[in-house]
Structure formats: C-alpha cells, structure tokens
Amino acid sequence: MRKAIFISFVFLLTSVMSFGQESTYKVGDVFLISEVENNSYQYINFPKDNFIIKKGGIPNYKNVKGKKVVVTKIKEKSNGTKVATLSLLSNKYFFNSHKFITVQIENAIEEKELVKI
C-alpha cells in the first residue's frame with residue numbers, strides 16, 4: 001500500500017512539474033522584428049518574393065525591420081514546435097500584400113529575430 005501511494009505521489013509530482021513549465025509569451029504580446037544579416041530570417045516565415053509581387057506588394061525587407069508585431073494566435077504542431085501568427089501592431093499589411101505571417105516563436109526569440117518589448 002505504501003508503495004502504491006509513493007508511486008502515485010511521484011507520478012503526480014512529475015506531471016505537475018511538466019505542466020508548470022509555461023512559455024513566457026502569449027496571445028497579445030508585442031514584439032519587435034530585429035535586423036538580420038542578408039535578410040536571412042530562418043524562423044520568421046515571410047512569403048516568397050513572387051507571392052508578394054503577385055498580390056501587388058513590394059518585397060522590401062527594409063520596411064519590415066523595426067516594426068512592432070502582435071501575436072494573434074499560437075498553435076503547437078505535432079512535432080512539439082510552437083508556431084505563432086503575427087500581425088502588424090498598426091493593422092497594416094506586410095509588404096502591402098499580406099495581413100499575417102507565421103513564425104516559430106521559440107526559435108525566433110532565441111535567435112533574436114524577434115525581440116520582446
């Protein structure tokens with residue numbers, strides 16, 4: 001009986017600890033898109049240039065650097081990565097063609113592609 005109680009206590013303790021590791025970001029958080037060398041954003045999924053042009057936009061990354069973005073949705077993929085949907089804080093369009101972009105938020109913050117304000 002003591003063994004069963006001890007095992008259930010350990011199981012409860014480990015499950016509480018695993019759920020206690022919350023991320024430091026949530027829907028509504030504001031970030032700043034930082035400057036990356038050669039516009040090589042690895043974790044921010046900007047649309048390809050040809051899609052921007054087809055929608056009537058201008059693929060100019062200088063206009064995106066330093067912009068404030070807000071997290072509108074966070075979704076966890078089956079492999080465990082968290083993908084967030086971002087929109088501009090000013091409610092304008094990215095490259096004058098796209099309202100939302102997606103980002104692997106944990107990796108982008110780690111690589112300083114996004115900076116929390």
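Residues numbered from 1 in each chain as written. Predicted model: local features only at pLDDT ≥ 70, side-chain atom pairs only at ≥ 80, totals over all residues. Heavy atoms only, no water.

How should I be thinking about the overall build of the chain in this particular structure?
When helices and strands are tallied, the chain shows three helices and six strands. In sequence order, the secondary structure elements of the chain are arranged as α-β-β-α-β-β-β-α-β. Put simply, the chain has 117 residues, and 28% of those count as buried. Intrachain contacts of the chain at a sequence separation of at least 6 include 59% that bridge at least 24 residues. For the chain, the accessible area works out to roughly 8,500 Å², and carbon and sulfur atoms hold 56% of it. (Helix = DSSP H or I, 4+ residues; strand = E, 2+ residues; numbered from the N terminus. Buried < 20%, exposed > 50% of the residue type's maximum accessible area, 1.4 Å probe, protein only. Contact = heavy atoms within 4.5 Å. Areas by Shrake-Rupley, 256 points an atom, 1.4 Å probe, with all protein chains shown as cover.)

In this structure, what is going on with the pairing of strand E3 (residues 68-76)? I would like to understand it.
Side-chain positions along a regular strand alternate between the two faces of the sheet. Where strand E1 (residues 30-33) and E3 come together, three bridges link them in antiparallel fashion. Across the sheet, Phe31 pairs through a bridge with Val69, a residue of E3. Taken together, the seven bridges between E3 and strand E4 (residues 82-88) define a ladder with antiparallel strand orientation. Among the inter-strand pairings, Ile74 is bridged to a residue of E4, identified as Ala84. Count of turn residues in the E3/E4 antiparallel hairpin: five residues, of which Gly80 carries a positive phi of about 100°. (Pairing = 2+ DSSP bridges.)

For this particular structure, what's the right way to read the environment of Ile105?
Relative to the elements of secondary structure, Ile105 occurs in helix H3 (residues 105-110). Along the primary structure Ile105 and Tyr43 are separated by 62 residues, whereas in three dimensions their C-alpha atoms are 7.5 Å apart.

Got a minute to help me understand unusual backbone geometry in this structure?
Keep in mind that most residues, glycine aside, have a negative phi and that most peptide bonds are trans. Unlike most non-glycine residues, Asn38 shows phi in positive territory, near 60°. With respect to the helices and strands, Asn38 occurs in the loop between E1 and strand E2 (44-45). Under the relative-accessibility criterion, Asn38 is labelled exposed at 69%. Its identity as a non-glycine residue notwithstanding, Lys112 has a phi of 60°, on the positive side. When you line up the elements, Lys112 lands in the loop between H3 and strand E6 (114-116). Judged by relative accessible area, Lys112 falls into the exposed class, the value being 59%.

When you look at the nonpolar core in this model, what are you seeing that I'm missing?
Considering soluble globular proteins, one finds that nonpolar side chains tend to be buried as a cluster. Counting residues in each nonpolar core, the largest one holds 22 residues, and the members touching the most others are Ile33, Ile44, Phe46, Val69, Phe94, Val103 and Leu114. Looking at this core, the elements with two or more residues in it are E1, E3, E4, strand E5 (100-104) and H3. A total of three residues in this core trace back to one element, the largest contributor, which is E4. When residues no more than four places from it in sequence are discounted, the contact partners of Ile44 are Ile33, Ile101, Thr102, Val103, Glu113 and Leu114. (Core = buried A, V, L, I, M, F, W, Y, C linked by side-chain atoms within 4.5 Å.)

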